[in-house]
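Understanding the architecture of this molecule
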Amino acid sequence: MIEKICNLRDIALGKIKEAASGSEVEELRVKLLGKKGELTEMLKDLKNMALEERKQFGQEANELKNELSELLEVKFREISNNDVKKSLSKGSSFDISLPGTSFQVGSLHPVTIVQKEVERIFTGMGFNIVDGPEVEEEFFNFEALNIPKNHPARDMQDTYWLENGSLLRTHTSPCQVRAMQKYGAPLKVIAPGRCFRNESTDASHENTFFQLEGMMIDKNVSIANLIYVMKTLLSEIFKRDVKVRLRPGFFPFVEPGFELDLNCMICGGSGCPTCKHSGWIELLPCGMVHPNVLRAGGIDPEEYTGFAFGVGLTRLAMMKYGISDIRVLNSGDLRAMEQFSVR
Ligand code: PHE
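Residues numbered from 1 in each chain as written. Predicted model: local features only at pLDDT ≥ 70, side-chain atom pairs only at ≥ 80, totals over all residues. Heavy atoms only, no water.

Going by the annotation in an unreviewed UniProt entry, the name recorded for the chain is Phenylalanine--tRNA ligase alpha subunit, with Ruminiclostridium sufflavum DSM 19573 given as the source organism. We quote the UniProt Subcellular location (unreviewed entry) comment for the chain here in full: "Cytoplasm". A UniProt comment under Catalytic activity (unreviewed entry) is attached to the chain, and it reads "tRNA(Phe) + L-phenylalanine + ATP = L-phenylalanyl-tRNA(Phe) + AMP + diphosphate + H(+)". (UniProt positions renumbered as here; feature names shortened; annotations may be inferred.)

Here you go:
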């Protein structure tokens, strides 16, 4: 048996030495060490041997296996190196110093980056993320939010209607009602998503944009809770403590309703072109949920109160990244998107 191994070794070494191309080396590897290779076949005889013989033969065979696979590897590398050297010396067009072919990796859209950031902040405060349909029923988009037919507030939210009476939602606020109906009180949710309005587009208006709705309902929720949560959001996003102010603002589904302004971060409040010299930037509409809206969501306004807010995600992304034209964000222009290469 040992003799057989020695023979195989001699023959194999000779052949490896003679091999002249990568494919020959590979053929040899299969022939010697492959599943049906010569060495493998030999090992099959092991089971017919006496214990002592089996031990010795097994060991020798294994050593040979290791030796051969190493030699094959070395030979293969040698041949490839020679191939490269040969083609270089022939002055062929193959240039070993050229960089490899790269492939493009995409990056997250700026609105997605901001959305993820806001989601992280709110889930950290115990809010859940919910979703709602972009093609919405009139009831959820308007009626349930205390905006009956013919209410003038509908004028500001003109949208695209489908023949079946549904519409493309004008805001993420319908998610408030859907969440209340589904989960009841107490409730802490955010709902990011795409919204639509029938607008003529310009640098600051688009027919398609992103908002993030938020809602908290519990016993004794007050405006103080609202302000605290809004301040936490803004200071986390802008990475410093921020000054805010509340102004009255009208939205039929909140009472009282506010516009929350951010002390201008460019000038620190003294007035500059960005804040139109007012020292404040209008950022977050919000308010205490109107009793009619709580009722539409199946929650008793005598027992529970809550606040709601709408973050303009598109706007936030524009501010955070200094994008002055909203249309860039929907353009799909890679030259613009590539600048925010967070993956
Ligand atoms: N949905 C309102 C809008 O799009 C914003 C808003 C949300 C206001 C929640 C108050 C509370 O204009």
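1. Structural notes on the overall build of the chain
Secondary structure assignment for the chain yields 11 helices and nine strands. The globule rule puts the C-alpha radius of gyration for 343 residues at 20 Å, and the 35 Å found for the chain is more than 25% above it. Dimensions along the principal axes, computed over C-alpha positions, put the chain at roughly 100 × 55 × 50 Å. The buried share of the chain, taken over its 343 residues, is 42%. One finds the centroid of the 42 positive side-chain charges in the chain at a distance of 3 Å from the centroid of its 47 negative side-chain charges. (Helix = DSSP H or I, 4+ residues; strand = E, 2+ residues; numbered from the N terminus. Rg over C-alpha atoms; globule rule 2.2 N^0.38 Å. Buried < 20%, exposed > 50% of the residue type's maximum accessible area, 1.4 Å probe, protein only. Lys, Arg positive; Asp, Glu negative; His and termini not counted. Charge placed at Lys NZ, Arg CZ, Asp CG, Glu CD.)

2. Brief notes about the domain arrangement of the chain
You'll often see interface size given as the accessible area lost when the parts meet. According to the domain assignment, the chain contains domain 1 (2-82) and domain 2 (110-337). For domain 1 and domain 2, the distance between their C-alpha centres works out to 71 Å. (Domains from an automatic or database assignment.)

3. Digging into the nonpolar core
Formed by 38 residues in total, the largest nonpolar core has its most connected members in V118, F122 and F309. Breaking this core down by element, the ones donating at least two residues are α5 (110-124), β5 (208-218), α8 (223-237), β7 (254-263), β8 (280-289), β9 (305-312) and α10 (313-321). Leaving out residues up to four positions away in the same chain, F122 has contacts with F127, I190, L212, V229, L233 and F309. (Core = buried A, V, L, I, M, F, W, Y, C linked by side-chain atoms within 4.5 Å. Contact = heavy atoms within 4.5 Å.)

4. Here's the deal with the packing of α5 against α10
Viewed as axis vectors pointing N to C, α5 and α10 meet at an angle of 105°, and their least axial separation amounts to 9 Å. As the angle between them shows, α5 and α10 are arranged roughly perpendicular. In this structure, α5 uses P110, V111, I113, V114, Q115 and V118 to contact α10, whose residues at the interface are L313, T314, L316, A317, K320 and Y321. Considering only residue class, the contact of α5 with α10 consists of nine nonpolar, two polar and one charged. (Axes fitted to C-alpha atoms, helices over the stretch in contact; angles between N-to-C directions. Parallel < 35°, antiparallel > 145°, perpendicular 65-115°, else oblique. Nonpolar A, V, L, I, M, F, W, Y, C, P; charged D, E, K, R; others polar.)

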